[in-house]
Amino acid sequence: MSLKPFPVVRRLVPETPAYSWPLLQERFGFEVAVKHENHTQIGAFKARSSIVFIQKHIDAHGRPSGVVSATRGNHGQSMALAARSLGIPARIVVPEGNAEGKNRAMRAFGAELVIDGRDFDIAKRTAERISKESGFLMIPSFHKNIVMGVATYALEFFRTHPDLDVVYVPVGMGSGACGLITVRNLLGLKTEIVPVVTEKAPAYGLSFEADRIVTTETAGTFADGMACREPVQEALDILKSGAERMITVSDDEIAEAIRILYADTHNLAEGAGAAALAALRQDAARLKGRKAGVILSGGNLDEAAMRTVLAGGTPSV
C-alpha cells in the first residue's frame, strides 16, 4: 500500500494537530500525544476515507449514479461530504435511535437519510439491498481504499511524533487501527499499536482472542462508533498480524476519559474518541518513562450524552 491518495484527501482535510498536552503528562507521569481527528470538518477521522474510495472507483469504473452506505454517523458524514464535493447523490441508512446530531449533520451535507433496523449491522443489510435496487455504489465501512484514506492520519502522526513508543486506537470496523499498523510497518517503526474495544461491543476483542470471526447479539454502548457486532475478516487479519494485544474498556471508563480530555485539553470527545485514553489509563503504570499516543478519533458527542458525562455519569443505551 502506498499513500499516493494524500492529495485526494487534502481536497477535504488539512493536516490535523497532534499535541503533547502538559496536563495529561502531569496527570499520568509520562508524555501523552493526542492526534486530534476531532478537528476535521466532520469532526472525525472518517473525513479522510470516502473521498478516496469514491475517487478510486471513478478512476477505474467512471462516476456512479449515486452512493449508499450504512453508518452510526461518522462514516456517513464522510460519505455525504465526499459525495457533495464530487456532485454525486448520497443515500445513508442509519439504525433507529441514532444520535440526532449526527443525523442532522449528514442531512446538512446533502445526504438523503433512511432510518431502518435496531442496530448498525441490520442497517448495513438495508443499505446493501438499496444498492442492488438503485444501482448506487455501496461504500463499505471497511475496505482497502477506506484504510488507504484513513492511513493518512497515521502518516501525519508518525511524522510529527516519530518517537512514539505506543499508540492506542479505538476499533469500530477497524480502519483506524489498520491504517496505523500499515503506516507503522511501511515506515519501519517499532511503535506498539494497541487497538481498543468496549466491553459492551466486544466482537473484535472476542475475534482477536479466538483468531476467528466471533459475532455478538448486541452492541449496546454509548460509544456508537465502536458498536460493531459483525467483524470483517480482512480487518481482523491485519489486527492479528500487527498488534500483540487488544484492550477492553468499560463505558464508565470511556465516560471518565471524556471528562479527562475535556479538563486537560479542552476538547470534547465522543465515546469512541475517548476510548484510546481510557485504555492508556488502564496501562498507565507500565508506561512510565515512555511516550504514548492516543487517537481522539471524533468529537461528535450527542448533546444529551454530553450533559450526562460532564455531570459525572455514563449514558445508557
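Residues numbered from 1 in each chain as written. Predicted model: local features only at pLDDT ≥ 70, side-chain atom pairs only at ≥ 80, totals over all residues. Heavy atoms only, no water.

Draft legend 1. Just helix α7 (residues 144-160), in detail. When the terminal C-alpha atoms of α7 are compared, their 24 Å separation across 17 residues agrees well with the 24 Å that a helix rising 1.5 Å per residue should span. Along α7, the largest kink reaches about 30° and is centred on V150. Here α7 lies mainly inside the structure; 14 of its 17 residues are buried. (Helix = DSSP H or I, 4+ residues; strand = E, 2+ residues; numbered from the N terminus. Expected span 1.5 Å × (residues − 1). Bend = angle between axes of the 7 residues up to and from the residue. Buried < 20%, exposed > 50% of the residue type's maximum accessible area, 1.4 Å probe, protein only.)

Draft legend 2. Structural view of the packing of helix α8 (residues 175-187) against helix α10 (residues 233-242). Where α8 contacts α10, the axes come no closer than 9 Å and their chain directions differ by 50°. Our classification of the angle between α8 and α10 gives oblique. Considering how the two elements wind past one another, α8 and α10 form a crossing that is left-handed. Across the interface between the two elements, A177, C178, I181 and R184 of α8 pack against A235, I238, L239 and G242 of α10. Classifying every residue of the contact of α8 with α10 gives 6 nonpolar, 1 polar and 1 charged. (Axes fitted to C-alpha atoms, helices over the stretch in contact; angles between N-to-C directions. Parallel < 35°, antiparallel > 145°, perpendicular 65-115°, else oblique. Left-handed = near helix turned anticlockwise from the far one by under 90°. Contact = heavy atoms within 4.5 Å. Nonpolar A, V, L, I, M, F, W, Y, C, P; charged D, E, K, R; others polar.)

Draft legend 3. Focus on the packing of aromatic side chains. This model, assessed by the stated rule, comprises 3 aromatic pairs. Their ring planes at 85° and their centres at 6.0 Å tell us that F45 and Y153 sit as a pair that is edge-to-face. Within this pair, whereas F45 is found in the loop between β2 (31-36) and α3 (50-61), its partner Y153 is found in helix α7, the two being separated by 108 residues in sequence. Residue F45 is classed as buried on the basis of its relative accessible area, which comes to 13%. The exposure class of Y153 is buried, given its relative accessible area of 1%. Of note, K240 hangs over the ring of F208, and the distance from its end group to the ring centre comes to 4.6 Å. (Phe/Tyr/Trp six-rings, centres within 6.5 Å; stacked < 30°, edge-to-face > 60°. Lys NZ or Arg CZ within 6 Å of the ring centre and 35° of its normal.)

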